[in-house]
Amino acid sequence: MVRIFIYSVLATTLFVSEACSAIIYTNPADQHVLGSWEFSDTDAVLVHPMTFPIDLNRDGISDVSVTHHYLRGDGVLDKNAFDLLQAAQLGQRETASLLKEIRQIALSSANEGVNDFDALLSNQSSIESKLERIDRIANHTVYGDRVLLNGDSGFQGLASSSSVQVLNVDGTTFAGSHAVTIATAAERASFVTNLAALPILLGQDETLTINGVKVDLFEGMTRAQVRDRVNSFTDYTGVTAHIASSGLDAGTLRLQTTTFGSASEIAIISNVAAGMQGSTSIGTTETVAAGVDIVATIGGHQFNGQGNVVTADNGLARGLTIAVLSNDIDDAITAVGNLGVVMVSNESLSFAVGPPHPNVDFTLRSLHSSSLGLGVVGNVFANLSEINVTSNYLALNSLEIVDAAVDTVRIERSHIEHVLDDFFFPFGEAEIEGIGLAEIAVDGDGIGLLATGTPIGPTSRFSDVPLTLNSLTFNDRDSAFFGVRLQVDDQFHYGWIRAETAEDDSLIIRDFALESTPNKTIRAGFVPEPKTRELLLTAVFALGVFGRVLRRDGRLIQR
């Protein structure tokens, strides 16, 4: 009886016949070669390499070894410095998470059609709660007795005037004294009407529309009651009401925005004519008023601010951001004139990393809400602490501020990551070397990476020294090839290995191939043609047996 055995064809092994030769092609399903590391109690690195053996000719014996491991540089941070920076990272991550939540709330408020006033107020209350948490994180992220995120671990600014609040000092500011003079005071948008004439103000019901919000007033209301009624809508309008109690302005009702600057506006109109007896005298013609932005000289250079906030963007004071507060007499405008000096000192962290590197100085900037979201041009708000989402317009402005704050925190986080990558975490490195009689192709500089189509053969240069490489070796290429020479019975067979680096400098082995004919050149990346494969498979199935393997003695055998 004759038995016919049919074996399944392995998808990972293919041959190309050409002049009695065969290319042995193998795809190991993207083998990721990644070692690991950990710290010992002595602050040393314990490395656990990973090795992936490659059997080029599929004879069961490994020909090439790829190993991934980790190294530490000569200059490194100690564990205490790492713990401090990790504490700062934790505070930064929590702040970033809160900013993400705040952004979602602001985006919800910007969807005006699905919110009523109560929903908007609830959103604003939630944001204020999260801003308080951001400030608590800034004040209470500590390592030992050092506060890390309140500005004390970076450049600090101390103002001699109580009218000046230092919001931020970045690493470009010169340590020293910087004089501050306000040439143009910042102003809130305001509207004034005289209500002193009548003891009982309103002779009829009246409706004011302030920044798009209707405020109903009622017959018989006094001046104080009108003021209080307008102020009950401040969360919606961004406007407050005040009555002058003395002097020539006694009895004047002033409506003014809660924020300073040209982006702050009051748009107001009444449904009762200005000449009507017992009215607010606001009238039925809409009046629009805008605020004024501050202009300040800091360290001898003049800068245009936004609202009551101004940043020096050149000179020795570059990077210094201050807010000027309301003056003592009229809170509709800021203080003006000579406001003393801001004394800047450098309190940045300094880490010893040892030779060959000098000490690493590191600045942790303030992540208070008033120090985030600075410098958004044309925005109603000057920083994150001011944002308000009780209308579509305000919510859209708030989103811009939040996005700027997110960018700042992201940059701060990246600064720590870069320091840790450079001076603390070990860096990944891989080695590829031939085993036994296998060698790796190199060029004149000892580099073994080849481009697609590079011929690998008798004219190539090979080395039995392990080839060391990382992501820099790949020079931003997605993948590259290693040429291989395998000696069997004093004859050479040539092949290639395709690999790429991951972000951690580990290697991913994609595929590899070997020319079975001795001394025959193979080109990097070349694989069997589909038509040739089909012809071969047809022939294989006709025979009923598949599997030729190049043995160490150089012969092709069937089994």
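About the thresholds
- Residues numbered from 1 in each chain as written.
- Predicted model: local features only at pLDDT ≥ 70, side-chain atom pairs only at ≥ 80, totals over all residues.
- Heavy atoms only, no water.
- Helix = DSSP H or I, 4+ residues; strand = E, 2+ residues; numbered from the N terminus.
- Buried < 20%, exposed > 50% of the residue type's maximum accessible area, 1.4 Å probe, protein only.
- Contact = heavy atoms within 4.5 Å.
- Areas by Shrake-Rupley, 256 points an atom, 1.4 Å probe, with all protein chains shown as cover.
- Pairing = 2+ DSSP bridges.
- Axes fitted to C-alpha atoms, helices over the stretch in contact; angles between N-to-C directions.
- pLDDT = per-residue confidence, 0-100.
- Phe/Tyr/Trp six-rings, centres within 6.5 Å; stacked < 30°, edge-to-face > 60°.
- Core = buried A, V, L, I, M, F, W, Y, C linked by side-chain atoms within 4.5 Å.
- Polar contact = N/O pair within 3.5 Å; in protein donor to acceptor, adjacent residues only side chain to side chain.
- Expected span 1.5 Å × (residues − 1).
- Salt bridge = Lys/Arg side-chain N within 4 Å of Asp/Glu carboxyl O.

Asker: Explanation requested: the overall build of the protein chain in the structure shown.
Answerer: Of regular secondary structure, the protein chain possesses seven helices and 37 strands. The proportion of buried residues among the 559 residues of the protein chain is 46%. Once local pairs closer than 6 in sequence are excluded, the contacts in the protein chain between residues at least 24 apart make up 65%. Carbon and sulfur atoms make up 51% of the accessible area of the protein chain, which totals about 26,900 Å².

Asker: How should the sheet that holds strand β23 (residues 337–346) be read in this particular structure?
Answerer: In a beta sheet, neighbouring strands are held together by backbone hydrogen bonds and run either parallel or antiparallel to one another. The strand order across the open sheet built from five strands is β9-β23-β11-β19-β20, with neighbouring strands paired in antiparallel fashion. Of all the strands in the sheet, the pair left with one neighbour each is β9 (155–159) and β20 (301–304). Within the sheet, the average angular offset between the axes of one strand and its neighbour, ignoring direction, is 30°. Taken together, the four bridges between strand β19 (residues 295–298) and β20 define a ladder with antiparallel strand orientation. Looking across to β20, one finds that T297 is bridged to Q302.

Asker: How do you make sense of the side chain of Q92 when you look at a structure like this?
Answerer: Within the element layout of this structure, Q92 appears in helix α1 (residues 79–110). With a relative accessible area of 1%, Q92 lands in the buried category. Leave out the neighbours within four places in its chain, and Q92 touches L149, L364, L367, V409, E412, R413 and I416.

Asker: I tried to follow the confidence of the model for the protein chain on my own but got confused; where do I start?
Answerer: Caution is warranted with low-pLDDT regions, since their predicted coordinates should not be read in detail. Per-residue confidence for the protein chain gives a mean pLDDT of 84; residues scoring 70 or more make up 85%. At the level of individual helices and strands, the protein chain shows its lowest average pLDDT in strand β37 (residues 556–558), which scores 34, and its highest in β19, which scores 97. Across residues 531–559, confidence stays below pLDDT 50; counting only partners more than four residues off in sequence or on other chains, it has 64 contacts.

Asker: Help me understand the environment of I416, please; the structure alone is not making it clear to me.
Answerer: By the secondary structure assignment, I416 is in helix α5 (residues 392–423). For I416, a relative accessible area of 0% corresponds to the buried category. The contact partners of I416, leaving out residues within four places of it in the chain, are L85, A88, Q89, Q92, F362 and L364.

Asker: Could you clarify how one ought to interpret the sheet that holds strand β22 (residues 320–324) in this entry?
Answerer: Overall, antiparallel pairing links the three strands, which are arranged β10-β22-β21 in an open sheet. With one partner strand each, in any of the chains shown, β10 (164–169) and β21 (309–311) form the two edges of the open sheet. The sheet shows a mean angle of 20° between the axes of neighbouring strands, direction not considered. Looking at chain direction, β21 and β22 are connected through three bridges and run antiparallel. Along β22, the bridge assignment pairs V309 with A323.

Asker: How should the packing of aromatic side chains be read in this particular structure?
Answerer: Where two aromatic rings form a pair, the distance of their centres and the angle of their planes describe that pair. Applying the stated criterion to the full structure yields eight aromatic pairs. Summarising the aromatic geometry, the rings of F233 and Y236 are spaced 6.1 Å apart at their centres and angled 50° between planes, so their arrangement reads as tilted. For the pair shown, F233 and Y236 are each scored as buried. Each ring, one from F462 and one from Y494, has its centre 5.8 Å from the other, and the planes form 35°; the classification is tilted. You can see F462 sitting in strand β30 (residues 461–463) and its partner Y494 sitting in strand β33 (residues 491–501), a full 32 residues away along the chain. For the pair F462 and Y494, one class covers both residues: buried. Joined through ring pairs, the aromatic side chains of W37, F82, F424 and F425 make up one cluster.

Asker: Would you explain the environment of L374 in this entry?
Answerer: Structurally, L374 can be placed in the loop between β25 (360–362) and α5. According to the relative accessible area criterion, L374 is partly exposed, its value standing at 22%. Sequence-distant contacts of L374, defined by excluding residues within four places in its chain, comprise L167, N168, T321, R365, A382 and N383.

Asker: Would you mind showing me how to read the nonpolar core here?
Answerer: Buried together is how nonpolar side chains tend to be arranged in soluble globular proteins. Counting residues in each nonpolar core, the largest one holds 47 residues, and the members touching the most others are L77, L85, F351, F362, L384 and I387. Leave out the neighbours within four places in its chain, and L85 touches L77, F351, F362, I416, V419 and L420. Listed in part, the 25 residues of the second largest apolar core include I54, A430, A438 and F512.

Asker: Explanation requested: the side chain of S270 in the structure shown.
Answerer: Mapped onto the elements of the fold, S270 is located in strand β17 (residues 265–270). A residue is classified by how much of its surface remains accessible, and S270, at 5% relative accessible area, is buried. Polar contacts involving the side chain of S270 include one to the side chain of E206, which spans 2.6 Å. Within the structure, the side chain of S270 is placed 3.0 Å from the backbone nitrogen of V272, a separation counted as a polar contact. Contact partners of S270, with chain neighbours within four places excluded, come to E206, T207, L208, I282, G283 and T284.

Asker: Can you help me understand helix α2 (residues 117–140) in this one?
Answerer: Because each turn of an α-helix spans 3.6 residues, side chains separated by three or four positions in sequence point in the same direction. An ideal rise of 1.5 Å per residue puts 34 Å on 24 residues; α2 measures up with 35 Å between its terminal C-alpha atoms. Of the positions making up α2, those classed as buried are L120, N123, Q124, I127, K130, L131, I134, I137 and A138. Packing partners of the buried residues in α2 comprise α1 and β8 (146–147).

Asker: What should I look at first to understand the pattern of salt bridges in this one?
Answerer: Two side chains with opposite charge may pair up if their charged atoms get near one another. Summed over all chains, the structure comprises nine salt bridges. For the salt bridge of K79 with D83, the shortest nitrogen-to-oxygen distance reads 3.3 Å. With a gap of four residues between them, K79 and D83 both fall in helix α1, about one helical turn apart. Overall, D83 belongs to the partly exposed group, its relative accessible area being 25%. With a shortest N-O distance of 2.7 Å, D511 and R498 are connected by a salt bridge. Of this pair, D511 sits in strand β34 (residues 507–515) while R498 sits in strand β33, placing them 13 residues apart in sequence.

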